[in-house]
Amino acid sequence: MSIRAKLAWTFILLLIFGITAISSYSILFIRNYLLSEGEKQILNDTEWLTITIENLRLDDQFETNLNEAARTSGYRLSIYDEQGHLFAEVPFFETEQAPDIIDDQILLSLNSANERFLAGPSDGDQLTAYSKLASQFNPAGFLRVSIPKDQIYEPIKTIRWIIYTGMFISIGLVLIVSVLFSRYISRPILQLESAAREIADGNTDRTLDLDRKDEFGTLAKSLNRMAEKLRSDNLELVKMNQKQSQFFADITHEIRNPLHTIAGSLEMLQLGGLDSEKEVKYLQTAERQTHRIDRLFKDLLTLQRYDSDEHFIRKKTFPLCSVIDPLLETYENEATEKGLKLVGKTDKEDVFADPDKIEQVLENLITNAIKFTNKGEIQINIERSDTNNTIKVEVSDTGVGISDEHLERLFDRFYRTDKARSRDKGGTGLGLSVVKSILNAHGSEIHVKSTPGKGSKFFFYLPQRATS
Ligand code: ADP
């Protein structure tokens, strides 16, 4: 049975039970009230009827007058002689005749008691009262006044009719109200159920617009939040999937290129008949490409370690110059060969980081700077900030620069602004990803500012000392 039907039935049964209980109690109460009022009334009426009948003369008008008294009083009047024998009864019904002789008990009471009026037995279907007559005009000795109890209960019929009519109208109203109310209650449940089913089936775009301030509204909001979270998780998964596919495609591509070049060089060498200068050239090309593949695997391994092992870095306090100075020495020749100046500050500033990994970061940034600068200089600057106890490390160049459209993806694996040129320069496309991963593992970030044609600045911050 649906919730709607259950609710409607519950309302109706409660109502029927409630109305029946209340109406039964009220009818019982009214019956008792009417009976006790009837008993009082019949005794009162018996008094004036007694006087009226005492004054009736026993002539041909006797019965007519008796009938008139019965008609105006609404009672049935039975007249008994002094021995208690019935001799007149008005109005006369075959079905409801008064006893021919008055009950001995009543006769005794009427004859002995001071009271002239007496209520009859309360059981039976008639309400009765008796009186002793003392008439000089007729031989009547006793009067019996009676009325069927049903007549007393007559108003109850109307009351009962009103109650039952009211009950049926109420049931009708309850049916309508309960259908409307249960629809109001069950509609959001059905909406929630269908939305939850759709979301579970994968339709995470499904949102529920329940404009309610009650628990259903809260539940709908939670459901929307859940769908939103699922949606973003799904998107994240799709993106990750795409990235992974792209990553594998890139690796394949990155390895196939140098392998082709090596194969080409070896083929040429196998053909023979080359002068020694050309031989050396092909051998050098093959060797360069081998180094490139080697570097590619090293970079990939490093990245994989950062992805899976957060304890890969070992931090300590060390002077930055102990890393920068040897790098300046190492790359000075390479820079000079390109006609570039490589300058750096060698202040004795301490930082708290992993020296080997910071060296790798700086090495990647310096080699990139040399690669992508044709004239001018490359600077390594250190700036101390006492306010937040950090050291800003910056590698700037006066090279080709990077346009804004590339900045967002610059640190993605295998991303290059100019693929062909970068490969020519021996790049793996992983240098900046490695820089980013190392700095992230230090709780830091790499920043870049660049103007195409003017140069680039790569910088990051390191803490001066260990933070507790
Ligand atoms: P690559 O091995 O190609 O150098 P990186 O991840 O180190 O890979 O760099 C990604 C790309 O970012 C480079 O191909 C280059 O286009 C750009 N880039 C990096 N550093 C610089 C720089 N100093 N000046 C201009 N472009 C740069």
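Further up the page is the structure itself.
Residues numbered from 1 in each chain as written. Predicted model: local features only at pLDDT ≥ 70, side-chain atom pairs only at ≥ 80, totals over all residues. Heavy atoms only, no water.

S.K.: Is there a simple way to think about the overall build of the protein in this case?
M.R.: Across its full length, the protein holds twelve helices and twelve strands. For the protein, the C-alpha radius of gyration of 57 Å lies well beyond 23 Å, the compact-globule estimate for 468 residues. Structurally, the protein occupies a C-alpha span of about 175 × 60 × 35 Å along its principal axes. Looking at the protein as a whole, 37% of its 468 residues qualify as buried. Sequence separation of 24 or more characterises 65% of the internal contacts of the protein that already satisfy a separation of 6 or more. Of the accessible surface of the protein, which amounts to about 28500 Å², a share of 54% is contributed by carbon and sulfur atoms. (Helix = DSSP H or I, 4+ residues; strand = E, 2+ residues; numbered from the N terminus. Rg over C-alpha atoms; globule rule 2.2 N^0.38 Å. Buried < 20%, exposed > 50% of the residue type's maximum accessible area, 1.4 Å probe, protein only. Contact = heavy atoms within 4.5 Å. Areas by Shrake-Rupley, 256 points an atom, 1.4 Å probe, with all protein chains shown as cover.)

S.K.: Whenever I open this one, the nonpolar core confuses me. Can you help?
M.R.: The nonpolar side chains of a soluble globular protein tend to be buried with one another. Counting residues in hydrophobic clusters, the biggest one holds 48 residues, and the most contacted among them are Leu 320, Leu 362, Leu 365, Phe 458 and Phe 460. With seven residues, the top contributor of residues to this core is helix α9 (residues 355–371). The residues that make up this core include at least three from each of domain 2 (205–311) and domain 3 (313–463). Setting aside anything within four residues of it in sequence, one finds Phe 458 in contact with Leu 365, Val 393, Glu 394, Val 395, Ile 402, Leu 410, Phe 411, Leu 432, Ile 446, His 447 and Val 448. Of all hydrophobic cores here, the second largest spans 32 residues; its members include Leu 35, Ala 69, Val 90 and Ile 147. (Core = buried A, V, L, I, M, F, W, Y, C linked by side-chain atoms within 4.5 Å. Domains from an automatic or database assignment.)

S.K.: Honestly, the side chain of Ser 437 in this entry has me stumped. Any pointers?
M.R.: Within the element layout of this structure, Ser 437 appears in helix α12 (residues 431–441). The exposure class of Ser 437 is buried, given its relative accessible area of 15%. The contact partners of Ser 437, leaving out residues within four places of it in the chain, are Leu 303, Tyr 306 and Arg 413.

S.K.: Where do I start with the layout of surface pockets in this structure?
M.R.: Gaps left between atoms are located by rolling a probe of water-molecule size over the structure's atoms. There is about 980 Å³ of room inside the second largest pocket. Lining of the second largest pocket is provided by 33 residues; of these, Lys 243, Gln 244, Phe 247, Asp 412 and Arg 413 occupy positions nearest its centre. The leading source of residues in the lining of the second largest pocket is helix α6 (residues 215–271), at 15 residues. Residues that form the lining of the second largest pocket fall into these classes: eleven nonpolar, nine polar and 13 charged. Taken domain by domain, the lining of the second largest pocket gets at least three of its residues from each of domain 2 (205–311) and domain 3 (313–463). (1 Å grid on protein atoms, 1.4 Å probe; cavity = no way out; pocket = protein on both sides within 12 Å on 5 of 7 lines; lining within 4 Å. Points joined across faces, edges and corners; volume = space filled by probe spheres on them. Nonpolar A, V, L, I, M, F, W, Y, C, P; charged D, E, K, R; others polar.)

S.K.: Before we go on, may I ask you to explain the sheet that holds strand β7 (residues 340–344) in this structure?
M.R.: Pairing is mixed across the open sheet formed by five strands, whose spatial order is β7-β9-β10-β12-β11. Lying at the two open borders of the sheet, with one neighbouring strand each, are β7 and β11 (447–451). On average, each strand axis in the sheet is inclined to that of its neighbour by 15°, with strand direction left out of account. As paired elements, strand β9 (residues 376–385) and strand β10 (residues 390–397) share eight bridges and run antiparallel to each other. Note that in β10 the partner of Asn 381 across the bridge is Glu 394. Contacts between helix α8 (residues 321–337) and the sheet are confined to β7 and β9, with β7 contributing the most and set at about 170° to the helix. Contacts between α9 and the sheet are confined to β7, β9, β10 and β12 (455–463), with β10 contributing the most and set at about 25° to the helix. (Pairing = 2+ DSSP bridges. Axes fitted to C-alpha atoms, helices over the stretch in contact; angles between N-to-C directions.)

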